[in-house]
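# Coordinates in review
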Amino acid sequence: MRMRRKLTQITALVVATGTLTALSSCADGELIEEKKPEQLGYVLPRPVATTNAGTGLGVATDAEKLSARLYPGAFLAGPNGQLLPNPDLVTAVPEPGDGSAVKYTINEKAQYSDGAPVVCDDFALTQAASSRPDLFGSDMPLFLQVNTIDCAAGAKEFMVHFNHGFGQRYRELFSPGTVLPSHVVGEHAEVPDVLEAVNAGDEESLSLLGQAWQETFNVATTDPATVPTHGPYRIASRGDKGQLELVTNDHYAGSKPAESPIYVWPNSADVKQLAADRQVRVADLGTTAKLEKAGLKEPDFQITSYNSGRVDTLRLDSNGMFSSVEMRRAINACMNRQAMADRISQELALKTTPTGLRMLSTQSPLVGQLQGVSDAQMQMNPQEAGQWLGGQTVRVGYLDAVPRYAALVDEMVKSCKDVGVTVEPVPLGVDNFGALGTDYDVLLDTRPAFGRNAVTNENGLASVGTVKKVEEELHRNMMTISLLTEPRVVAIEQHMAGVGDNGSDAGLSWNMDRWDEKATPVTPTESGNSEPATPANAV
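What comes next is a walk through the structure. Everything quoted here is computed from the prediction, not taken from an experiment.

What the protein chain contains, in helices and strands, is 15 helices and 20 strands. The burial tally for the protein chain puts 57% of its 539 residues in the buried class. Here the contacts in the protein chain between residues at least 6 apart in sequence split such that 72% fall between residues at least 24 apart. As presented, the protein chain carries roughly 21400 Å² of accessible surface, and 50% of it is formed by carbon and sulfur atoms.

Right, dumping it as structure tokens:
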């Protein structure tokens, strides 16, 4: 391995902190800047806001990319989209003869970085959070398929019972960044028995737990170094520019990570300066294809561009303005997706594809056979849009840290204006993310089919006929509106091996603990850098 942390000494002058630039004096009095120590830096495409991927803020900021190896899920979406079991945390087995019940057995050695064991209370809290988005700010819709969880306090086994007709998609539950330390949440909420409060439905305690479930994992309000993790990494510190230092979790039940520390940077980082200082090795920059301006260029970095398995999607306030299916269909009828794709291409040099599919991953081999369905579900209908929405104002919220979102919403403004609908952009930040139905009527974010579309028990491995039927049903209900495939641009330094993407929310981070920095440049095959090839809900 290269000695990336070795300092090049120019003179005897050394400063006390490694984060400050050192200066030395030459014989002629000229000041020379001393080089910073090299680091294995990883730049994310969105703000680093929370390690809780189960909240609305976590979904919007792609928290799973941060938490994939802090809080690994029960199953992991691999590089080809297959769902891989994670026995280091838990084993899930459907009950024989009963497809609606799944038995979970937590690894006896699974514990948090503070030494506390991982117990079923942690999973029960996840399910409780999913059922009360009003208190927990949660966004885990697939848990609507769950009826009950049988859990005894502190137990290493529990049973999940699904509603009648469901249970096939159990592998998509308890995804990365959603199984969190209930003992810490309880301490922050000052609720002594989390499971008792959950089972009793104690509204006051649930409200306190909901607030703590959000604030405890917010890296700006709680020191993340004090919050234990159960994955191969824990957070050691947070820097003054929002970067997080991830180090080995000595209590992890599985293999130790190949590299430690890894410095995770938010999308606000000065990537060009980081590259100049050799402090970035992996960059996930799906905001623009013009990476040379950021100091990332071949052959120093292997650069790959493609469309992911995720889709830029509109989620509608079905309890308010869009409680009527006619209203939901009307907003879809004024979406000019091709104009959106052209705008992204022209302004950001990113290639993306319009899509009307909701259940099927855009990378599935079945996509071609369902192109007619997708096209039909993207048809504009000015008359329908004007009939139901004409004269009304629709507030569309979006995370303003994602440049393409502003362009997408601006195209919505233009196309809907033509039929008498006023689209009001509502840019959101991590500190004022608001809530759907209160602060905006529609939310734009990016998501895979994984963990979504709770009305169906089918996944992307079903027959083409079944998938077609489900896609048409989802379109008729119109609870969400698919727009464009997500453009992906990643840059991987030529000495990095084992860095591969997947089609789910974790992206490159799914196997961060297997990244390995080599002494000599690696081939593209060794680097592992390739776009995922099959659906993220494969098994």
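Taken in spatial order, the 10 strands make up an open sheet running β10-β11-β12-β3-β13-β18-β14-β17-β15-β16, and their pairing is mixed. Since the sheet does not close on itself, it has two edges, and those belong to β10 (233-238) and β16 (422-428), each with one partner. Between one strand and the next, the sheet's axes are offset by a mean angle of 25°, whatever the strand orientation. Alignment of strand β15 (residues 393-399) against strand β17 (residues 442-447), held across three bridges, turns out to be parallel.

A large share of β17 lies buried, amounting to six of its six residues. Alternating positions in β17 separate into two faces, V442, L444 and T446 on one and L443, D445 and R447 on the other, with burial throughout. Pairing analysis gives six bridges linking strand β14 (residues 301-316) to β17, with the strands arranged antiparallel. Pairing of T313 across the sheet is with D445, part of β17.

Now for the state of the cysteines. Tallied over the full model, the rule gives two disulfides. Disulfide partner of C120: C151, at an S-S distance of 2.0 Å. As the torsion about the S-S bond is roughly 75°, the C120-C151 disulfide counts as right-handed. In this pair, C120 sits in helix α3 (residues 120-131) while C151 sits in strand β8 (residues 146-151), placing the two residues 31 residues apart along the sequence.

With that settled, consider the sheet that holds strand β6 (residues 90-95). Ordered by their spatial adjacency, four strands build an open sheet running β6-β7-β9-β8, and the pairing between neighbours is antiparallel. If you trace the sheet from one side to the other, it starts and ends with β6 and β8, each paired once. Mean inter-strand twist for the sheet, computed between neighbouring axes without regard to direction, equals 20°.

It is worth spelling out the packing of aromatic side chains at this point. Evaluation of the coordinates by the stated rule reveals 10 aromatic pairs. Geometrically, the ring pair formed by Y71 and F217 is edge-to-face, given 6.2 Å between the ring centres and 85° between the ring planes. Remark: F217 occurs in the loop between α7 (203-215) and β10 and Y71 occurs in the loop between α2 (63-67) and β4 (75-77); sequence separation between them is 146 residues. Taking 6.0 Å as the distance between ring centres and 75° as the angle between the ring planes, the aromatic pair formed by F75 and Y170 counts as edge-to-face. With F75 in strand β4 and Y170 in the loop between β9 (157-162) and α5 (182-189), the pair connects residues that are 95 residues apart, well separated along the chain. Judged by relative accessible area, which is 8%, Y170 ranks as buried.

Let us now look at helix α14 (residues 464-477). Compared with an ideal rise of 1.5 Å per residue, which puts 14 residues at 20 Å, α14 spans 20 Å between its outermost C-alpha atoms and is within 8% of the ideal. Within α14 the residues assigned to the buried category are V467, V470, E471, L474 and H475. Taken down its axis, α14 places every buried residue within 135° of arc, on the same side. For α14, the elements touching its buried residues are α9 (325-332) and α11 (371-377). A positive backbone phi angle near 55° is found at M478, which sits one or two residues after α14.

Reading guide: rules and limits
Residues numbered from 1 in each chain as written. Predicted model: local features only at pLDDT ≥ 70, side-chain atom pairs only at ≥ 80, totals over all residues. Heavy atoms only, no water. Helix = DSSP H or I, 4+ residues; strand = E, 2+ residues; numbered from the N terminus. Buried < 20%, exposed > 50% of the residue type's maximum accessible area, 1.4 Å probe, protein only. Contact = heavy atoms within 4.5 Å. Areas by Shrake-Rupley, 256 points an atom, 1.4 Å probe, with all protein chains shown as cover. Pairing = 2+ DSSP bridges. Axes fitted to C-alpha atoms, helices over the stretch in contact; angles between N-to-C directions. Disulfide = S-S within 2.5 Å. Phe/Tyr/Trp six-rings, centres within 6.5 Å; stacked < 30°, edge-to-face > 60°. Expected span 1.5 Å × (residues − 1). Arc of directions from axis to C-beta.

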